[in-house]
2 protein chains.
Amino acid sequence: MKVKLVITYDGTQYCGWQVQPDKITVQQVVEDALEKVVGQKLKVIGSGRTDAGVHAQGQVAHFETPFENIPAENFYKALNIQLPPDVKVLSSERVDDDFSARRSAKSKTYSYFCYVSRVEKPLKERFSTKLDFQPDIEKMKDAVKVIVGEHDFKCMCSSGSGAKTTVREVYSIEIEQKGEDICFSVTGGGFLYNMVRILVSTLLEVGYGRITKEQVENMLKSGKRIPTIRTLSPKGLCLMKVEY
Amino acid sequence: MKVKLVITYDGTQYCGWQVQPDKITVQQVVEDALEKVVGQKLKVIGSGRTDAGVHAQGQVAHFETPFENIPAENFYKALNIQLPPDVKVLSSERVDDDFSARRSAKSKTYSYFCYVSRVEKPLKERFSTKLDFQPDIEKMKDAVKVIVGEHDFKCMCSSGSGAKTTVREVYSIEIEQKGEDICFSVTGGGFLYNMVRILVSTLLEVGYGRITKEQVENMLKSGKRIPTIRTLSPKGLCLMKVEY
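Computed from a predicted model, the values in this text were never measured in an experiment. (Residues numbered from 1 in each chain as written. Chains lettered and ligands numbered in written order. Predicted model: local features only at pLDDT ≥ 70, side-chain atom pairs only at ≥ 80, totals over all residues. Heavy atoms only, no water.)

### Some points on the relation of the copies chain A and chain B
Next up, step 1: Turning chain A through 180° and shifting it by 0.0 Å along the axis lays it on chain B, with an RMSD of 0.0 Å. The transformation relating the two chain copies, once decomposed into turn and shift, fits a two-fold axis. Across chain A, the rotation axis passes nearest the C-alpha of A:Arg126, at a separation of 5.0 Å.
Next up, step 2: Both copies contact each other with a shared surface, as 100% of the interface residues of chain A are interface residues in chain B too. (Least-squares fit on C-alpha atoms with pLDDT ≥ 70 in both. Contact = heavy atoms within 4.5 Å.)

Structure follows, in structure tokens:
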């Protein structure tokens, strides 16, 4: 049978989702836990990679097992006993054989969490990124209009992604501020390597008045990133949900 | 001059605020940082103890220094350079010589953070406590009425506090739920050893229908705690602010 898992993790200690030799990854610890549960090595396929240090509230993965003693909807309990405290399975359910966590995904939502403060706050630092100054929220919301839609996002992609095409569709970008906390939520059909972190960084540059909406538009057209736009820290990034 | 500090910390790795021999405490690391800044050992007096594992968004402390080269309002920067990432000073200011972080405190607010889930969530576990089931919020809000006010809180105090009197005044208790997250905010003139954690535990027992509001009232009158009421985990507790 094929089983779908919804997984949440604190990515601080992990070299991302995807298995890599000699590195501790989330996929590896889930596969190790599954091996302890079913007694054989099985491949766990995620909806996509998350980078080193990135968190997840709702990563989705699937695996196939000939082992039908445990009902699919109880797998999460057995896995959680074997998993470390920073990785937990929220739910498990049986899915059709043609379901693929990766290929069947229709959209993904990532949130990027920041806070505006002159001092780093120990109660926030693990899951968000400090901004020294308040950016202009309205300017950023205005710049969102030129990013949403289907574009070649080559200018918002780090090298080494190996993607066949750099065209992606961003469905929506929401920016919400509550007190000193600012959350950027980006939903799209799929994302390039580091794309969300560069996208949010681009919006912040607009919010600080260092670049204009028109420059963002030109950047997308030309495929050349403005060199001052850096890739934000992974710790503020969280894969919120994957829709099918 | 006398300097007032507002301090925030992730208490996970600390044996509480107060200096203890052979243990790592927040007061100790603040005093160590201060020694590096001013070049001499100075005593830092907190508004009160927080227990091992308890966090703070706004602990207040003061110290006296003959060293006036650094303006009081810049002390926080110099201290933060010396402090570890899990303890930071939010602000520093010069105060009158008769100010005492402990004796001048008029009220303190603690919040206790919980979440209702069948699975432990790695992104919440550090700063909140999992509840297996949803408690009845209205029942708890009703029971608040018998706790707010001046009472002998002997029944909500762990042994070993050494307090002269167990009479305290609780000014307000607010209970807010947002999705699966529940926050209890308790403001009072002062609190006994473990009092907030036992108080919230008592409310949860009411919320689960295991004890009644009348039993809480009797408990306060008799001074005898119902034995099933346990002390909740410190990780959900945070000292939010101290008012003067």
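### Side note on the packing of helix 3 (residues 137–147) of chain B against helix 4 (residues 195–207) of chain B
All names here are of chain B.
Next up, step 1: One can describe the packing of helix 3 onto helix 4 by two numbers: an axis separation of 8 Å at closest approach and a directional angle of 135°. Between helix 3 and helix 4, the interaxial angle falls into the category oblique. For the pair helix 3 and helix 4, the sense of crossing is right-handed. When helix 3 is examined against helix 4, the residues Lys139, Met140, Ala143, Val144 and Ile147 are found in contact with a partner set consisting of Leu199, Leu203, Leu204, Val206 and Gly207.
Next up, step 2: Here the contact of helix 3 with helix 4 is composed, by residue class, of eight nonpolar, one polar and one charged. (Axes fitted to C-alpha atoms, helices over the stretch in contact; angles between N-to-C directions. Helix = DSSP H or I, 4+ residues; strand = E, 2+ residues; numbered from the N terminus. Parallel < 35°, antiparallel > 145°, perpendicular 65-115°, else oblique. Left-handed = near helix turned anticlockwise from the far one by under 90°. Nonpolar A, V, L, I, M, F, W, Y, C, P; charged D, E, K, R; others polar.)

### Focus on helix 1 (residues 26–38) of chain B
Residue pairs spaced three or four apart in an α-helix point in one direction, given the helix's 3.6 residues per turn.
Residues and elements named next belong to chain B.
Next up, step 1: Taking 1.5 Å per residue, 13 residues should reach 18 Å; helix 1 reaches 18 Å between its end C-alpha atoms and fits that length.
Next up, step 2: Of all the positions in helix 1, only Val26, Gln27, Val29, Val30, Glu31, Ala33, Leu34, Val37 and Val38 are classed as buried.
Next up, step 3: Close packing links the buried residues of helix 1 with strand 1 (2–9), strand 3 (55–64), helix 2 (75–82) and strand 4 (87–95).
Next up, step 4: The N-cap residue of helix 1 is threonine 25: its side-chain oxygen and the backbone nitrogen of glutamine 28 are 3.3 Å apart. (Expected span 1.5 Å × (residues − 1). Buried < 20%, exposed > 50% of the residue type's maximum accessible area, 1.4 Å probe, protein only. Polar contact = N/O pair within 3.5 Å; in protein donor to acceptor, adjacent residues only side chain to side chain.)

### Concerning the interface of chain A and chain B
Next up, step 1: Each partner contributes residues to the interface: chain A has 25 residues there, and chain B has 25 residues.
Next up, step 2: Summed over both sides, the interface between chain A and chain B buries roughly 1800 Å², with carbon and sulfur atoms accounting for 69% of that surface.
Next up, step 3: For the pair chain A and chain B, the interface holds zero salt bridges.
Next up, step 4: One can count four residue pairs in polar contact (both at pLDDT 80 or more) joining chain A with chain B.
Next up, step 5: Elements represented by at least two residues in the side of chain A that touches chain B include exactly strand 1 (2–9), strand 3 (55–64), helix 2 (75–82) and strand 4 (87–95) of chain A. (Buried area = accessible area lost by both parts, 1.4 Å probe. Salt bridge = Lys/Arg side-chain N within 4 Å of Asp/Glu carboxyl O.)

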